[in-house]
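Below, each chain spelled out in residue letters.
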Amino acid sequence: MIQQGIVKGDALQKISSTGFIVGAILFGISGLLMPHANNPTSDLQEMLKPLGEYQYRTTISSLFGMIGFWMTLIGVVGVHRSITASAARDAVWARLGFYFTLIGTALWTVCWAMDMSAANAVANWLSAPIDDKEAAWSVVASLSAFGRGIVPTTWILYWLALAFLSIAIVHSEVYPPWLGWAGLIVSIPMIVLGVIQIFTARSITLTLVFSILMLLTTLWDLAIGIWVARKAWRITRQSFDSQSAPTHY
Amino acid sequence: MTQQSIIKGDVQQKLGSTGFIVGVLLWLIGSFFITGILANASNMQDELKAIGEQVVSAQTGELILMLNIIAVMIGMVGVYRSVTASGAAWARLGFYLFLVGSVFWALGYAIDVAVASAMANWLAAPTASKEAAYSVVAALTSMSRGMFPMTVVIYWLSLIPLSIGMVFSAIYPRWLGWSGLILGIAGLSLGIIQTFNGRESTFNLFIVLFSLTMLWFLAIGIWVARKAW
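What counts, and where the lines are drawn
- Residues numbered from 1 in each chain as written.
- Chains lettered and ligands numbered in written order.
- Predicted model: local features only at pLDDT ≥ 70, side-chain atom pairs only at ≥ 80, totals over all residues.
- Helix = DSSP H or I, 4+ residues; strand = E, 2+ residues; numbered from the N terminus.
- Rg over C-alpha atoms; globule rule 2.2 N^0.38 Å.
- Buried ≥ 20, exposed ≤ 12 C-beta atoms within 10 Å, placed from the backbone.
- Contact = placed C-beta atoms within 7 Å.
- Core = buried A, V, L, I, M, F, W, Y, C linked by C-beta atoms within 7 Å.
- Expected span 1.5 Å × (residues − 1).
- pLDDT = per-residue confidence, 0-100.
- Axes fitted to C-alpha atoms, helices over the stretch in contact; angles between N-to-C directions.
- Parallel < 35°, antiparallel > 145°, perpendicular 65-115°, else oblique.
- Left-handed = near helix turned anticlockwise from the far one by under 90°.
- Nonpolar A, V, L, I, M, F, W, Y, C, P; charged D, E, K, R; others polar.

This part takes up the overall build of chain B. Within chain B, the regular secondary structure consists of seven helices and zero strands. Ordering the α and β elements of chain B from the N terminus gives α-α-α-α-α-α-α. For chain B, whose C-alpha radius of gyration is 19 Å, the value lies close to the compact-globule estimate of 17 Å for 229 residues. Burial analysis of chain B (229 residues in total) assigns 52% to the buried set. Across chain B, contacts joining residues at least 24 apart in sequence account for 80% of those joining residues at least 6 apart.

To continue, consider the overall build of chain A. From N to C terminus, chain A includes eight helices and zero strands. The helix and strand sequence of chain A, counted from the amino end, reads α-α-α-α-α-α-α-α. Judged by the C-alpha coordinates and their principal axes, chain A covers about 80 × 50 × 25 Å. Counting only residues that meet the buried cut, chain A has 47% of its 249 residues in that class. Within chain A, contacts between residues at least 6 apart in sequence are counted, and of these 79% link residues at least 24 apart.

For the rest of this paragraph, the subject is the interface of chain B and chain A. At the interface, 28 residues of chain B touch 25 residues of chain A. Among the elements that make up the side of chain B that touches chain A, the one with the highest residue count is helix H4 (residues 88–124) of chain B (12 residues).

The subject of this paragraph is the nonpolar core. In terms of nonpolar packing, the biggest core is built from 146 residues, with Leu107, Val140 and Phe164 of chain A together with Ala106 and Leu140 of chain B touching the most fellow members. Ranked by the residues each element gives to this core, the list is headed by helix H5 (residues 133–171) of chain A, at 23 residues. In this structure, Phe164 of chain A is in contact with Trp93, Leu96, Gly97 and Phe100 of chain A, ignoring residues within four places of it in sequence.

What follows concerns helix H1 (residues 11–33) of chain A. Residues and elements named next belong to chain A. Its 23 residues place the ends of H1 32 Å apart at the C-alpha level, agreeing with the 33 Å of an ideal helix rising 1.5 Å per residue. When H1 is considered as a whole, its buried residues turn out to be Gln13, Ser16, Ser17, Gly19, Phe20, Ile21, Gly23, Ala24, Leu26, Phe27 and Ser30. Looking at the buried positions of H1, the neighbouring elements they touch are helix H3 (55–82) and helix H7 (204–232).

All names here are of chain B. Note that Phe98 resides in helix H4. Residue class for Phe98 comes out buried when judged on the 25 C-beta atoms lying within 10 Å of it. With 57 residues separating them along the chain, Phe98 and Tyr155 place their C-alpha atoms 5.9 Å apart. Apart from the residues lying within four places of it in its own chain, the contact partners of Phe98 are Met73, Met76, Ser158 and Leu162.

Residue and element names in this part refer to chain B. With respect to the secondary-structure elements, Asn197 resides in helix H6 (residues 174–197). A tally of 11 C-beta atoms within 10 Å means that Asn197 is categorised as exposed. Residues Asn197 and Tyr134 lie 63 residues apart in sequence; the distance between their C-alpha atoms is 23 Å.

Okay, the confidence of the model for chain A next. Overall, the prediction assigns chain A a mean pLDDT of 88, with 90% of residues at 70 or greater. Contacts of residues 242–249 of chain A to residues separated by more than four positions or lying in other chains number zero contacts, the stretch itself having pLDDT below 50.

This part covers the confidence of the model for chain B. The share of residues in chain B with pLDDT of 70 or more is 98%, and the mean pLDDT across the chain is 92. Here the predicted complex scores 0.90 on pTM and 0.89 on ipTM.

Our focus in this paragraph is the packing of helix H1 (residues 11–38) of chain B against helix H3 (residues 55–82) of chain B. All names here are of chain B. Where H1 contacts H3, the axes come no closer than 7 Å and their chain directions differ by 155°. Accordingly, the angle class assigned to the pair H1 and H3 is roughly antiparallel. Helix-helix and strand crossings are classified by hand; for H1 and H3 the assignment is left-handed. Partitioned by chemical class, the residues of the contact of H1 with H3 number 18 nonpolar, 15 polar and one charged.

As C-alpha cells, this is what we get:
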C-alpha cells in the first residue's frame with residue numbers, strides 16, 4: 001500500500017480539517033464559558049460552588065467541550081486514514097493513536113457528563129434547606145470523588161493517543177515534522193500531569209497547568225486543521241480559472 | 001484481500017507481541033502491589049480499610065494495572081490486523097468489542113483510584129465527618145458493584161469472536177483460538193453470575209480467570225514474537 005497523503009478535494013480530509021477547526025473553536029468557547037472560583041482556593045466546596053451558581057453555563061460549556069472532543073475524533077480519523085504505508089512504522093503508530101483516541105474520547109464523554117451531573121448536584125446542594133444540606137453535599141462529594149479517579153485516567157489515555165499520533169506524523173511524509181514534534185511536546189507533560197494527579201488531590205496549580213496544556217492542545221488541533229484544510233480545500237489557479245472563466249454563448 | 005499472516009520484521013506485529021508480553025509483566029507488578037495491600041484482609045471492609053491506609057501503593061497498583069490493559073490492547077491490534085481474510089469479520093467484531101471492554105476497564109480502574117482516595121479521606125476524617133466521608137466510599141463501591149460485572153461481560157465476550165477469528169484464520173495455531181474461546185465463554189458466564197450476585201462470592205474464580213487470560217495473552221505474545229522478530 002502506498003502513502004496516501006492528502007489529495008485535494010478528498011472528502012474525508014475536508015471533513016477531518018473541519019473537525020479539527022470546529023473542535024478547537026468549541027474548546028475555546030467551552031473554556032471561556034466554564035465558571036471557576038474567582039480566588040485561588042484549595043477548599044473543595046469553594047472550588048465547586050461556581051458550577052452550581054452558574055449551572056446552565058456549566059452545562060453549555062460541558063456540552064461544547066464534549067462535542068469538541070467528538071469533532072476532534074473526526075479530525076483524527078483523517079490523520080489515521082492519510083498515513084497508510086501499511087508496513088511502515090508510521091502507519092502502525094497512526095493506527096494505535098486512532099484506537100486510543102476512540103477510548104480517550106469515550107472517557108472524555110463520561111467526564112463531561114459527570115460535569116453536567118456535578119453542576120446539577122451543586123445547584124441542588126446550594127438550594128437545599130439546612131436539614132437536607134448534608135445529604136445533598138454527599139451526592140456532590142461522590143461525583144467529585146469519581147472525577148478524582150476518572151479525570152487523570154482520561155488525561156493519560158487521551159494524550160497517550162496524541163503522542164502515538166504525533167510519532168506517526170513525525171515519521172510520515174504527509175505532514176510537516178514540526179506538527180508531530182509539537183504534538184509530542186504537548187502530550188508528554190500532559191501524561192506526566194495525569195500520573196501526578198492520580199496521587200494528589202485536585203488543586204488550583206494542577207488545574208492551571210492542565211488549562212495551559214489544554215490551550216496548547218487546542219492550538220495544535222487548530223494548526224493541524226488549518227494545515228489539512230489548505231491541502232484538501234485548496235483551489236488551484238487552474239481550477240479557479242475554469243470556475244471563473246466567462247461563458248460565451 | 002489476501003491473508004496477511006505474520007511477516008518477520010512487521011512493525012505492527014513486533015509492537016503487538018511486545019504489548020502482550022509487557023502487559024503481562026505489568027499485570028504481575030500491579031498484582032504484587034495490590035496483593036501486598038490485601039494480604040491480611042479477610043472481608044470487604046478490611047480490604048477497603050487496608051486500601052485507605054496504603055493509598056499510594058494502591059493507586060500505584062491501579063495505575064500499573066491500567067497500563068497493563070493499554071499494553072494488551074496494543075497487542076490485540078496486532079491480532080486484529082493480522083487476520084485479514086478467513087475469520088476477518090469475527091476478528092473485527094471482537095476487536096471493536098475489545099475496545100469497548102478496554103474503556104470499561106479504564107473506568108473501573110478510575111473508580112478504584114477514587115475509592116482509595118475516598119477511603120484515605122474517611123480514615124483521616126474527624127469523628128463528626130466520618131459518616132459523610134463513608135457515604136462517598138459507599139457510593140463509589142456501589143458504582144463499582146455495577147461496573148465490574150459489566151466489564152467482565154464485555155471484555156470476555158470480545159474474546160469469543162476474536163478467538164473464532166483466530167480459529168478460522170490459518171495464521172495462529174488452533175489451540176490458541178480454542179483456548180481463547182473457552183476463556184471467553186467462562187468469563188462471559190462469570191460476568192453474568194456476578195451481575196446478579198456481586199463479585200465478592202466469586203472473586204477467587206475471577207482471579208483464576210484473569211490469570212489464565214493473562215497466560216493466554218503471554219502465549220500469543222511469545223508466539224507472535226517468535227514470528228515477527
